[in-house]
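Residue-level structural notes
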Amino acid sequence: QVQLVESGGGLVQAGGSLRLSCVASGSTFRNLDITWYRQSPGTPENQRELVASITGGGSTNYGDSVKGRVNVSRDNAKNTAFLQMNSLKPQDTALYYCKTTTWRLGRWRDVWGQGTQVTVSS
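Let me sum up the structure you'll find in this document. Keep in mind that what you see is a predicted model, and the values were worked out from it rather than measured. Sequence order as written defines residue numbering, which begins from 1 separately in each chain. Local features are withheld for residues below a pLDDT of 70 in this predicted model, meaning they are given only at 70 or higher, and side-chain atom pairs are given and counted only at 80 or more; totals for whole chains, interfaces and linings count all residues. Here the side-chain values reflect all heavy atoms present in the structure, with hydrogen atoms and water set aside.

A few points about the overall build of the chain
What counts here: Working definition: helices are DSSP H or I runs of at least four residues, strands are E runs of at least two. Numbering for both runs from the N terminus. Each residue gets one of three labels from its accessible area relative to the maximum for its type: buried under 20%, exposed over 50%, partly exposed in between, using a 1.4 Å probe on protein chains only. What makes two residues a contact is simply this: any of their non-hydrogen atoms within 4.5 Å. Per-residue and other accessible areas follow the Shrake-Rupley method at a 1.4 Å probe size, with only the shown protein chains counted as cover for residues. His is not counted, nor are the chain ends, whereas Lys and Arg count as positive and Asp and Glu as negative. Where a charge sits is defined by one atom per residue type, namely NZ (Lys), CZ (Arg), CG (Asp) or CD (Glu).
Looking only at helices and strands, one finds zero helices and 11 strands in the chain. Going from N to C terminus, the chain has its helices and strands arranged as β-β-β-β-β-β-β-β-β-β-β. Scored against the burial criterion, the 122 residues of the chain give a buried share of 42%. When contacts within the chain are restricted to residue pairs at least 6 apart in sequence, those whose partners lie at least 24 apart make up 54%. When the accessible area of the chain is evaluated, it comes to approximately 6500 Å², of which 45% is carbon and sulfur surface. On the chain, the mean spot of the 13 positive side-chain charges and the mean spot of the 8 negative ones are 4 Å from each other.

Right, here's the structure in full:
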């Protein structure tokens, strides 16, 4: 069973940078597409914002609010996906999650990590 664990969040001043990590276990990592989401304070769980995604083949996609400031990558040898965030703004403050989708018990299922908090001070 796939499990995801995020890390790397913290408190940073506006204009700073952070690199988040998402470590996967329980499956062949190179086959997993990884998507990063964020949930801002007061936002319902079902309205998490897509930040970036990377397929098993390395194709990437970015949300409009972070384009040009964020880079998503992966290291299949380390079973890890990364989210490099630069020029951080206070509005980037959120709980950041990584997610993947796996086939289990007859259907596709989303698997989420526990999240890592990013707080950007002005």
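Things to note about the sheet that holds strand S3 (residues 18-25)
Two pairing modes exist for strands in a sheet, parallel and antiparallel, and in both the strands are linked by backbone hydrogen bonds. The cut-off we apply is this: Only strands that DSSP links by at least two bridges are regarded as paired with each other. The axes used here are C-alpha line fits, helices contributing only the stretch in contact, and every angle between their N-to-C directions lies in the interval 0 to 180 degrees.
Read from one edge to the other, the open sheet built from four strands follows the order S1-S3-S8-S7, with strand pairing classed as antiparallel. Since the sheet does not close on itself, it has two edges, and those belong to strand S1 (3-7) and strand S7 (70-75), each with one partner. Pairs of neighbouring strands in the sheet enclose a mean axial angle of 15°, with direction left out of account. Pairing of S7 with strand S8 (residues 80-85) involves six bridges; the strand directions are antiparallel. Each bridged residue has a counterpart across the sheet, and for Val70 the counterpart in S8 is Met85.

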